[in-house]
Amino acid sequence: DVKVTQSSRYLVKRTGEKVFLECVQDMDHENMFWYRQDPGLGLRLIYFSYDVKMKEKGDIPEGYSVSREKKERFSLILESASTNQTSMYLCASSSLVRGPYNEQFFGPGTRLTVL
Amino acid sequence: EDKVVQSPLSLVVHEGDTVTLNCSYEVTNFRSLLWYKQEKKAPTFLFMLTSSGIEKKSGRLSSILDKKELFSILNITATQTGDSAVYLCAVEDGNTGFQKLVFGTGTRLLVSP
């Protein structure tokens, strides 16, 4: 089974802190994604990566950066956390190879609170 | 702009009832529609639909896509308390070079015993 893990389930940080959210997948997937999920807004794509060291902006990249130094690991970085970045962050991965089921597999999420 | 709208926003039913969840979409270049179930943690994949009129079925859950009217429904028969979750609908936009999913806000289903 595909497993996507995230470094923390719950995180509390202070405004202005640098925050790292880590995601690791064990299925050798090329694609990895970071979303945030907010009530009434659904999941919104922050960044994605289709290969090591490659990254593309999603719909809401402002205030975030990412790093993919190894294929299995994709990190989301909040350079200077702000209260409006309080949210649930979900990581996902998928295969680049198109098949009958090309779904994204999600991690359990990190609930980040910025005070 | 791509858009996915789910209805109803929330629903409370009794165990044994049948429910229908709706998902309508607007996307410039449709590639597929996906349904996920989200309990307290990771969304888990239910179905991927690419062709109109072909029902996908898994146990008590089934789903169908209408590409002409731009919607999909997810049916759950003989509901159980374990079906309580948020059900997410997402559409893949084939215009981008990657697997971009646009999600709806979800339908929160509560099945009472």
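Check the entry above for the structure.
Residues numbered from 1 in each chain as written. Chains lettered and ligands numbered in written order. Predicted model: local features only at pLDDT ≥ 70, side-chain atom pairs only at ≥ 80, totals over all residues. Heavy atoms only, no water.

(A) How the structure looks around the sheet that holds strand E7 (residues 65-70) of chain A. Residue and element names in this part refer to chain A. With antiparallel pairing, four strands are arranged side by side in an open sheet as E1-E3-E8-E7. Both edges of this open sheet fall to strand E1 (4-6) and E7, since each of them pairs with a single strand only. In this sheet, adjacent strand axes meet at a mean angle of 20° when their direction is disregarded. With four bridges joining them, E7 and strand E8 (residues 73-78) adopt antiparallel strand pairing. Considered in E8, the bridge of Ser 67 is made with Ser 75. (Pairing = 2+ DSSP bridges. Helix = DSSP H or I, 4+ residues; strand = E, 2+ residues; numbered from the N terminus. Axes fitted to C-alpha atoms, helices over the stretch in contact; angles between N-to-C directions.)

(B) Fine view of the pattern of salt bridges. Counted by the stated rule, this structure contains 10 salt bridges over all chains. With a closest N to O distance of 2.5 Å, Lys53(A) and Glu69(A) form a salt bridge. On the criterion of sequence distance, the pair formed by Lys53(A) in the loop between strand E5 (42-51) and strand E6 (54-57) and Glu69(A) in strand E7 is long-range, its members being 16 residues apart. Across the pair, exposure class does not vary: Lys53(A) and Glu69(A) are exposed alike. Lys100(B) is the partner of Asp59(A) in a salt bridge, and the nearest nitrogen-oxygen pair spans 2.7 Å. In this pair, Asp59(A) sits in the loop between E6 and E7 while Lys100(B) sits in strand E10 (residues 100-103), so the two residues belong to two different chains. Of the residues examined, Asp59(A) reaches a relative accessible area of 44% and is grouped as partly exposed. One connected set of salt bridges, linked through shared partners, spans Arg36(A), Asp38(A) and Arg44(A). (Salt bridge = Lys/Arg side-chain N within 4 Å of Asp/Glu carboxyl O. Buried < 20%, exposed > 50% of the residue type's maximum accessible area, 1.4 Å probe, protein only.)

(C) Up close: the sheet that holds strand E6 (residues 56-58) of chain B. Residue and element names in this part refer to chain B. Read across the sheet, five strands follow the order E1-E3-E8-E7-E6 without closing on themselves; strand pairing throughout is antiparallel. Both outer strands of the open sheet, strand E1 (3-7) and E6, are each paired with one neighbouring strand and no more. Adjacent strand axes in the sheet meet at a mean angle of 15°, parallel and antiparallel pairs treated alike.

(D) Quick look at a nonpolar patch on the surface. A grouping of Tyr50(A), Met54(A) and Leu96(A) is seen on the molecular surface, where their side chains present a nonpolar patch of about 250 Å² in accessible area. Relative accessible area serves as the criterion here: at 34%, Met54(A) is assigned to the partly exposed category. (Patch = residues over 30% accessible without salt bridge, like charges linked within 9 Å, V, L, I, M, F, W, Y side chains within 5 Å. Areas by Shrake-Rupley, 256 points an atom, 1.4 Å probe, with all protein chains shown as cover.)

(E) Up close: the state of the cysteines. All names here are of chain A. Enumeration over the complete set of coordinates arrives at two disulfides over all chains. In this model Cys 23 forms its disulfide with Cys 91; the gap between the sulfur atoms is 1.9 Å. Linking Cys 23 and Cys 91, the disulfide has an S-S dihedral of approximately -75° and is accordingly described as left-handed. Of this pair, Cys 23 sits in strand E3 (residues 19-25) while Cys 91 sits in strand E9 (residues 87-94), and the two are 68 residues apart along the sequence. Residue Cys 23 shares its accessibility class with Cys 91, and that shared class is buried. (Disulfide = S-S within 2.5 Å.)

(F) Examining unusual backbone geometry more closely. Of note, the bond from Ser7(B) into Pro8(B) is cis; its omega dihedral lies within 30 degrees of zero at -10°. Within the fold, Pro8(B) resides in the loop between E1 and strand E2 (10-14). One non-glycine residue, Lys53(A), adopts positive backbone phi at about 65°. Given the relative accessible area of 57%, Lys53(A) is considered exposed. Positive phi, close to 60°, is recorded for Leu70(B), a residue that is not glycine. With respect to the helices and strands, the residue Leu70(B) is situated in the loop between strand E7 (61-66) and strand E8 (71-76).

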